[in-house]
Amino acid sequence: MTVCLVNPPLVSQRDDFLGSGIPYLPHGLAYLAAVLRQAGHDVSVVDMFGAAPWQVGTTPRYVVQGISAREAAARIAPDTQAIAVYAGSIMAATFIEELLQLLREQFPRALLIVFENTQAVTGFSLAYVAERLCRCGAAYVITGEAEARVPAVLAARGADVPLRDGVWALRNGVLQGEPACSVIEDLDALPWPAWELLPLEHYWRIGYAHGPLHSGRYLAQLTSRGCPFACRFCVVPSTNQRRWRARSADNVADEMAFMARQFGVTEFHWEDLNPTTSEARMQEICRAIRARQLNVTWKLVSGTKIETLQPATIDAMAAAGCRYVSFSPESGSPRVLQLMHKPFNHAHALALTRHMRRRGVYSQACFVTGFPGETEDDLRATEAYIRRLASAGVDEIAVFIMAPVPGADVFPEFSGYEDLAQLTFSPAWRADYALLARWRARLYRSFLVRKCLRHPLRVSAQGLRLCQRRFYTKMEMTPYRMLRVKAWLRTQGAA
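Here we summarise the structure given alongside this text. Since the model is a prediction, treat every value here as computed from it, not as a measurement.

Regarding the pairing of strand S7 (residues 111-116)
Stage number 1. Where burial is concerned, most of S7 is hidden: 6 out of the 6 residues are buried.
Stage number 2. Here S7 shows no split at all, with Leu111, Ile113 and Phe115 on one side and Leu112, Val114 and Glu116 on the other all buried.
Stage number 3. In terms of handedness, the path from strand S6 (residues 82-87) via helix H4 (residues 93-106) over to S7 forms a crossover that is right-handed.
Stage number 4. After leaving S7, the chain enters helix H5 (residues 130-135) and then returns to the sheet as strand S8 (residues 140-142), a path that is right-handed.

Written as structure tokens, this is what we have:
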């Protein structure tokens with residue numbers, strides 16, 4: 001079949017550069033494209049953001065980067081038999097619905113599918129919105145990993161597809177289907193992402209990414225999938241059934257070598273949810289990279305469970321090219337961590353932070369405020385822990401204000417938002433948002449003051465790298481991203 005995969009535009013909350021506006025290379029789409037092509041389908045990609053990230057429009061609530069829905073439809077061949085839309089981010093939820101309505105109108109004979117992003121905390125469970133998506137025009141909504149489910153739907157050409165294990169559709173006007181219950185166990189059997197179908201040069205041209213970008217050219221990489229933990233604020237336990245699976249060390253290193261040859265890329269941003277679940281595998285990956293004499297840098301940009309690592313493994317990672325590790329204390333309060341069902345060892349993270357600083361590995365610590373039941377005493381405990389991390393040498397922090405995500409255990413406990421696109425890390429609709437925003441600003445100030453006092457030379461170096469546009473932390477890159485988007489807005493008269 002002729003199949004077109006569509007990546008929606010990048011949607012940001014207006015005047016918010018802390019909780020939205022971050023571009024991700026669509027690894028879920030690139031993997032599906034490779035699988036479909038391997039199965040013999042004629043595959044094309046319309047990447048609405050990647051096609052023109054400097055094309056910026058606004059609505060009363062949002063900033064939208066990329067081509068419009070009508071421009072995207074115009075890039076799809078008229079005889080396309082199937083169109084699959086990637087629900088990569090909850091921020092794009094409302095725009096995905098509008099896109100589906102337009103595609104159903106302009107391609108009435110095409111099989112229209114929406115598929116889920118299971119490997120990102122910014123994704124959302126489509127099971128909660130499957131009926132809405134179908135009524136907007138989708139013939140099928142795919143939850144769980146798409147690489148097995150979408151080919152099965154295409155093979156049946158949309159007729160008599162069993163509505164089970166993550167496949168949803170309307171039957172006689174009633175939504176039918178069931179949550180995904182299976183996952184891909186053998187990740188090595190998957191082909192590597194078909195990045196050549198995406199406008200990579202445009203991603204590189206804008207000069208910023210999800211992870212800190214220092215070389216100008218980079219690729220995202222998934223070395224594992226899933227996470228075994230049950231954090232109540234996170235969608236991942238729902239989309240992965242708490243099942244962690246990993247690629248082999250040789251498969252990971254071979255992909256690096258191949259992509260370096262094909263695209264001239266030496267910087268890899270790992271988007272795994274929890275890549276270091278197996279410390280032994282991490283050591284094997286490091287040995288495989290060094291055995292191939294790969295001149296690459298790689299960064300754990302989406303976070304990892306820092307307690308799974310020991311100093312010897314950090315040494316091996318640094319020697320193999322690792323230059324950045326993000327980890328997530330979430331809170332400095334043990335009481336809040338219990339409420340979250342989030343295990344975390346504060347003392348171990350401090351020790352590893354010191355060791356990473358000595359080995360030249362930059363570090364980020366992420367926090368979530370506003371969890372139900374959190375008090376000001378808990379926030380003060382977080383502030384105290386942030387100061388300790390700053391003294392230990394953590395290079396940056398990120399502070400998110402909690403918003404409920406469809407699929408997260410805590411999702412039913414919230415109300416007050418008007419559409420899913422408002423569920424950002426800066427949820428201005430929350431009644432306590434003003435208080436939490438003040439606390440977020442206070443936490444950042446506490447970090448920066450302690451950092452300047454204890455590590456002034458590292459702070460000065462960050463300012464220099466901002467001027468050079470060679471970013472080793474996300475905090476260095478954020479002002480640059482803000483300035484670029486604001487400049488594009490002014491140029492297009494959309495400010």
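A word on the pattern of salt bridges
Think of it this way: side chains of opposite charge can pair up when their charged atoms draw near.
Stage number 1. Applying the stated criterion across every chain yields a total of 28 salt bridges.
Stage number 2. For Glu201, the salt bridge is made with Arg217, and the minimal N-O distance between the two is 3.5 Å. With Glu201 in helix H7 (residues 200-205) and Arg217 in the loop between H7 and strand S11 (219-221), the pair connects residues that are 16 residues apart, well separated along the chain.
Stage number 3. Judged by its relative accessible area of 49%, Glu201 is partly exposed.
Stage number 4. The class of Arg217 is partly exposed, set by a relative accessible area of 30%.
Stage number 5. Of the charged contacts, one joins Arg387 and Glu383 as a salt bridge, the two residues approaching to 3.7 Å between their closest N and O atoms. Within this pair, Arg387 and its partner Glu383 are both found in helix H14 (residues 376-392), separated by 4 residues, close to a single helical turn.
Stage number 6. What makes Glu383 buried here is its relative accessible area of 7%.

Brief notes about the state of the cysteines
Stage number 1. Taken as a whole and assessed by the stated rule, the structure comprises 0 disulfides.
Stage number 2. With no disulfide of its own, Cys227 lies closest to Cys231 among cysteine sulfurs, the gap being 6.4 Å.
Stage number 3. Unpaired in this structure, Cys286 has its nearest cysteine sulfur neighbour in Cys322, at a distance of 7.5 Å.

Structural notes on empty space enclosed by the protein
Stage number 1. Inspection of the entire model under this criterion finds 3 cavities of 30 Å³ or more.
Stage number 2. Volume-wise, the largest cavity comes out at about 100 Å³.
Stage number 3. What lines the largest cavity is a set of 15 residues, and nearest its centre among them are Gly28, Glu116, Thr118, Glu147 and Arg225.
Stage number 4. Contributing elements (two or more residues each) for the lining of the largest cavity: helix H1 (27-38), S7 and helix H6 (146-155).
Stage number 5. Sort the elements by how many residues they give to the lining of the largest cavity and H1 lands first, with 3 residues.
Stage number 6. By residue class, the composition of the lining of the largest cavity is 5 nonpolar, 6 polar and 4 charged.
Stage number 7. Its volume calculated, the second largest cavity comes out at about 50 Å³.

Concerning H14
Stage number 1. Here H14 is 17 residues long and its end C-alpha atoms lie 24 Å apart, about the 24 Å a rise of 1.5 Å per residue gives.
Stage number 2. Listing the buried residues of H14 in full gives Asp378, Leu379, Thr382, Glu383, Tyr385, Ile386, Leu389, Ala390, Ser391 and Ala392.
Stage number 3. Contacts from the buried residues of H14 go to strand S16 (322-330), helix H12 (334-340), helix H13 (346-358), strand S17 (362-369), strand S18 (396-401) and helix H15 (433-454).

So, unusual backbone geometry
Stage number 1. At Gln241, a residue that is not glycine, the phi angle is positive and equals roughly 50°.
Stage number 2. A positive phi angle, close to 70°, is found at Glu330, a residue other than glycine.
Stage number 3. As for its placement among the helices and strands, Glu330 is situated in strand S16.
Stage number 4. A relative accessible area of 6% places Glu330 in the buried class.

Remarks on the pairing of strand S5 (residues 62-65)
Stage number 1. With burial as the criterion, each face of S5 is covered, one bearing Tyr62 and Val64 and the other bearing Val63 and Gln65.
Stage number 2. Across 3 bridges, the pairing between strand S4 (residues 56-58) and S5 is antiparallel. In the strand pairing of S5, Gly57 is matched with Val64.
Stage number 3. The antiparallel hairpin formed by S4 and S5 contains 3 residues in its connecting segment.

Digging into the packing of helix H16 (residues 456-468) against helix H17 (residues 474-491)
Stage number 1. Between H16 and H17, the shortest axis-to-axis distance is 9 Å and the interhelical angle comes to 40°. By the criterion of interaxial angle, the relationship of H16 to H17 is oblique. At the point where H16 passes H17, the crossing takes the right-handed sense. Residues Gln462, Arg465 and Leu466 of H16 form the contact with H17, whose participating residues are Glu476, Pro479 and Tyr480.

Let's talk about the side chain of Arg281
Stage number 1. Locating Arg281 in the fold gives a position in helix H10 (residues 279-291).
Stage number 2. It is Asp272 that comes nearest to the buried, bridge-free Arg281 among opposite-charge side chains, at 4.3 Å.
Stage number 3. For Arg281, the residues in contact, after removing those within four places along its chain, are Thr223, Ser224, Trp244, Ala246, Arg247, Val252, Asp272 and Pro275.

Some details on a positive patch on the surface
Stage number 1. Where like charges cluster on the molecular surface, the positive patch consists of Arg354, Arg357, Arg358, Arg388 and Arg454.
Stage number 2. No other element matches the 3 residues that H13 contributes to the positive patch.
Stage number 3. Position of Arg358 relative to the elements: it lies in helix H13.
Stage number 4. For Arg358, a relative accessible area of 56% gives the class exposed.

Considering the sheet that holds strand S15 (residues 297-304)
Stage number 1. Strand order in the open sheet made by the 6 strands is S11-S14-S15-S16-S17-S18, with parallel pairing throughout. The sheet terminates laterally at S11 and S18, the two strands that pair on one side only. Neighbour-to-neighbour, the strand axes of the sheet open up by a mean angle of 20°, direction not taken into account.
Stage number 2. Bridging between S15 and S16 involves 4 bridges; their strand directions are parallel. Following the sheet pairing, Lys299 is matched in S16 by Tyr324.

Concerning the nonpolar core
Stage number 1. If you look at the biggest cluster of nonpolar residues, it comprises 166 residues, and the most contacted ones within it are Leu5, Trp195, Trp298 and Met317.
Stage number 2. Excluding anything up to four places from it in sequence, Met317 contacts Met282, Cys286, Trp298, Leu300, Leu309, Cys322 and Val325.
Stage number 3. Membership of the second largest hydrophobic core comes to 6 residues, among which are Tyr31, Ile184, Leu187 and Leu222.

Cut-off values and rules
- Residues numbered from 1 in each chain as written.
- Predicted model: local features only at pLDDT ≥ 70, side-chain atom pairs only at ≥ 80, totals over all residues.
- Heavy atoms only, no water.
- Buried < 20%, exposed > 50% of the residue type's maximum accessible area, 1.4 Å probe, protein only.
- Helix = DSSP H or I, 4+ residues; strand = E, 2+ residues; numbered from the N terminus.
- Right-handed = clockwise from strand over helix to strand, strands pointing away.
- Salt bridge = Lys/Arg side-chain N within 4 Å of Asp/Glu carboxyl O.
- Disulfide = S-S within 2.5 Å.
- 1 Å grid on protein atoms, 1.4 Å probe; cavity = no way out; pocket = protein on both sides within 12 Å on 5 of 7 lines; lining within 4 Å.
- Points joined across faces, edges and corners; volume = space filled by probe spheres on them.
- Nonpolar A, V, L, I, M, F, W, Y, C, P; charged D, E, K, R; others polar.
- Expected span 1.5 Å × (residues − 1).
- Contact = heavy atoms within 4.5 Å.
- Pairing = 2+ DSSP bridges.
- Axes fitted to C-alpha atoms, helices over the stretch in contact; angles between N-to-C directions.
- Parallel < 35°, antiparallel > 145°, perpendicular 65-115°, else oblique.
- Left-handed = near helix turned anticlockwise from the far one by under 90°.
- Lys, Arg positive; Asp, Glu negative; His and termini not counted.
- Patch = residues over 30% accessible without salt bridge, like charges linked within 9 Å, V, L, I, M, F, W, Y side chains within 5 Å.
- Areas by Shrake-Rupley, 256 points an atom, 1.4 Å probe, with all protein chains shown as cover.
- Charge placed at Lys NZ, Arg CZ, Asp CG, Glu CD.
- Core = buried A, V, L, I, M, F, W, Y, C linked by side-chain atoms within 4.5 Å.

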